[in-house]
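Here's the letter readout for the chains.
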Amino acid sequence: MQSRSLRAFLALHQFGTVTAAAQAVHLSPAAVSVQLRNLEEELGVELFVRTGRSILLNDRAHQLLPLARRVLDLESEMASLGNSSRLKGRLALGIITSTLSGGLPDVLKRLGAEHPSLELRITAKRSPDLALQVEAGLLDAAVISMPPPHFSTTLCFHELYTEPLALVMSAKRNFTNVKAALEEYPYIAFDKTTWIGKQIDAFIQDSGVSVRPAMELDSHDAVLSIVRHDIGVTVLPVLKGPARSDGALKFIDLPGLYRTVCLAVRHANNDSRTTQVLVNCFREFGESSPLAK
């Protein structure tokens, strides 16, 4: 049974349509439809109710859901049985979109070079979305922000590194006081529905600062672009890598505030060799990529 068919099946369950499932598993809608038909043929049972352009899971399909996740977990465990230190097979890895603007692409490049037989498939989204996809079995692991304490999940989290939160302003500004900068200049907010967005908003609320909201954006790069043009100031994590070398920006660290980046995996994969390799690789990146001022 091909893991591609099972991932397409799980994606359809999570996202509800073939088109949305196709986007999640990086296939065309036609290819997803083929994978779903192949799964039915291989199992010898009907799994879907097809009505016009819609496709719904039937009772047999709902019975298959936990089994599909177990098969994918077992597949991952079997891939760790060999004596070779190199990983092989397919790895569906989620990455927070913002980290791809820092030094993380170098880690992915190195991972591919050190494990040439590994087929790495990257999905970039927000942390909450990636966590749900790992839990649903669509991703093997994800590099995400550490979830808030109240977040209910069955996932395991491995802390990788931290990134300080900082007030970010245009190099044209000379603010030295965080409160003054936030109250005197328009505030460019990062998406408050994300975990880091909520953390930043909680800091502002707890500080008693009265910001002047100008806009709220869901892209780390977009926020920084607005700040570079001196339209406002913001609070963001300072990404590992070359972030502070941007001559168009200035940073004031917020003492004691940081984002913790972690690796999220399902319980069944927590002790696998793949998880160990990923944890070691990203932790080494965190230790070797100082936030140069």
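This text goes with the structure placed above it.
Definitions and cut-offs
- Residues numbered from 1 in each chain as written.
- Predicted model: local features only at pLDDT ≥ 70, side-chain atom pairs only at ≥ 80, totals over all residues.
- Heavy atoms only, no water.
- Helix = DSSP H or I, 4+ residues; strand = E, 2+ residues; numbered from the N terminus.
- Buried < 20%, exposed > 50% of the residue type's maximum accessible area, 1.4 Å probe, protein only.
- Contact = heavy atoms within 4.5 Å.
- Areas by Shrake-Rupley, 256 points an atom, 1.4 Å probe, with all protein chains shown as cover.
- Axes fitted to C-alpha atoms, helices over the stretch in contact; angles between N-to-C directions.
- Parallel < 35°, antiparallel > 145°, perpendicular 65-115°, else oblique.
- Left-handed = near helix turned anticlockwise from the far one by under 90°.
- Nonpolar A, V, L, I, M, F, W, Y, C, P; charged D, E, K, R; others polar.
- Pairing = 2+ DSSP bridges.
- Polar contact = N/O pair within 3.5 Å; in protein donor to acceptor, adjacent residues only side chain to side chain.
- Phe/Tyr/Trp six-rings, centres within 6.5 Å; stacked < 30°, edge-to-face > 60°.
- Salt bridge = Lys/Arg side-chain N within 4 Å of Asp/Glu carboxyl O.

### Quick look at the overall build of the protein chain
And step 1. Looking only at helices and strands, the protein chain has 10 helices and 10 strands in total.
And step 2. The dimensions of the protein chain, computed from C-alpha atoms along their principal axes, are 70 × 50 × 30 Å.
And step 3. The 293 residues of the protein chain split such that 48% are buried.
And step 4. Sequence-distant contacts in the protein chain: of pairs separated by 6 or more residues, those separated by 24 or more amount to 76%.
And step 5. Accessible area of the protein chain: about 14200 Å², with a carbon and sulfur share of 52%.

### Description of the packing of helix H1 (residues 3–15) against helix H6 (residues 127–136)
And step 1. Where H1 contacts H6, the axes come no closer than 10 Å and their chain directions differ by 130 degrees. In terms of axis orientation, H1 runs oblique to H6. Where H1 crosses over H6, the two elements pack in a sense that is right-handed. On the side of H1, the interface is formed by Leu10, Gln14 and Phe15, while H6 contributes Leu132, Gln133 and Ala136.
And step 2. For the contact of H1 with H6, the per-class residue count stands at four nonpolar, two polar and no charged.

### Considerations on the packing of H1 against helix H3 (residues 29–43)
And step 1. Viewed as axis vectors pointing N to C, H1 and H3 meet at an angle of 105 degrees, and their least axial separation amounts to 9 Å. Taken together, the axes of H1 and H3 lie roughly perpendicular to each other. Contact with H1, carried on its side by Arg4, Ser5, Leu6, Ala8, Phe9 and Leu12, involves Val32, Gln35, Leu36, Asn38 and Leu39 of H3 and no other residues of that element.
And step 2. Looking at the contact of H1 with H3, its residues break down into seven nonpolar, three polar and one charged.

### Regarding the sheet that holds strand S6 (residues 156–170)
And step 1. Strand order across the open sheet formed by six strands is S4-S3-S5-S10-S6-S9, with mixed pairing between neighbours. Since the sheet does not close on itself, it has two edges, and those belong to strand S4 (118–125) and strand S9 (234–237), each with one partner. Sheet twist, expressed as the average angle between the axes of neighbouring strands with direction ignored, equals 20 degrees.
And step 2. Across five bridges, the pairing between strand S5 (residues 141–145) and strand S10 (residues 249–265) is antiparallel. Paired with Ala142 across the strands is Ala264, a residue of S10.

### Focus: the side chain of Arg259
And step 1. You can see Arg259 is positioned in strand S10.
And step 2. Looking at Arg259, its side chain comes within polar contact range of the side chain of Ser98, at 3.4 Å.
And step 3. When near neighbours in sequence (up to four residues on either side) are disregarded, Arg259 contacts Ile96, Ser98, Thr99, Ser145, Tyr161, Thr162, Glu163, Leu165, Ile196, Pro237 and Leu239.

### As for the environment of Thr162
And step 1. With respect to the element layout, Thr162 can be found in strand S6.
And step 2. Put simply, Thr162 and Ala131 are 31 residues apart on the chain and 18 Å apart in space, counted from C-alpha to C-alpha.
And step 3. Apart from the residues within four sequence positions on either side, Thr162 is in contact with Lys240, Tyr258, Arg259 and Thr260.

### Some details on the packing of aromatic side chains
Describing an aromatic ring pair means giving the distance of the ring centres and the angle of the ring planes.
And step 1. With the rule as written, the count across this model stands at four aromatic pairs.
And step 2. When the centroid spacing of 6.2 Å and the interplanar angle of 55 degrees are considered together, the rings of Phe175 and Tyr185 count as tilted. A residue pair is termed long-range when its members are at least 10 positions apart, and Phe175 in the loop between S6 and helix H7 (178–184) and Tyr185 in the loop between H7 and strand S7 (186–190) qualify at 10 residues. Both residues of the pair, Phe175 and Tyr185, count as buried.

### Digging into the environment of Arg69
And step 1. Counting through the fold element by element, Arg69 comes out in helix H4 (residues 59–78).
And step 2. Among the residues examined, Arg69 registers a relative accessible area of 23% and is labelled partly exposed.
And step 3. In the structure, Arg69 is positioned 48 residues away from Ser117 in sequence and 24 Å away in space, judged by C-alpha atoms.
And step 4. The contact partners of Arg69, leaving out residues within four places of it in the chain, are Leu10, His13, Glu135 and Ala136.
And step 5. In terms of polar contacts, Arg69 uses its side chain to reach the backbone carbonyl oxygen of Ala136, at 3.0 Å.

### Focus: the pattern of salt bridges
And step 1. Taken as a whole and judged by the stated rule, the model has 12 salt bridges.
And step 2. The residue Arg50 makes a salt bridge to Glu40 at a minimum N-O spacing of 3.0 Å. With Arg50 in strand S1 (residues 48–51) and Glu40 in helix H3, this pair connects stretches of sequence that are 10 residues apart.
And step 3. Among the ionic pairs, Lys179 bridges to Glu183, the shortest N-O distance being 3.1 Å. Here Glu183 and Lys179 lie together in helix H7, a separation of four residues that amounts to about one turn.

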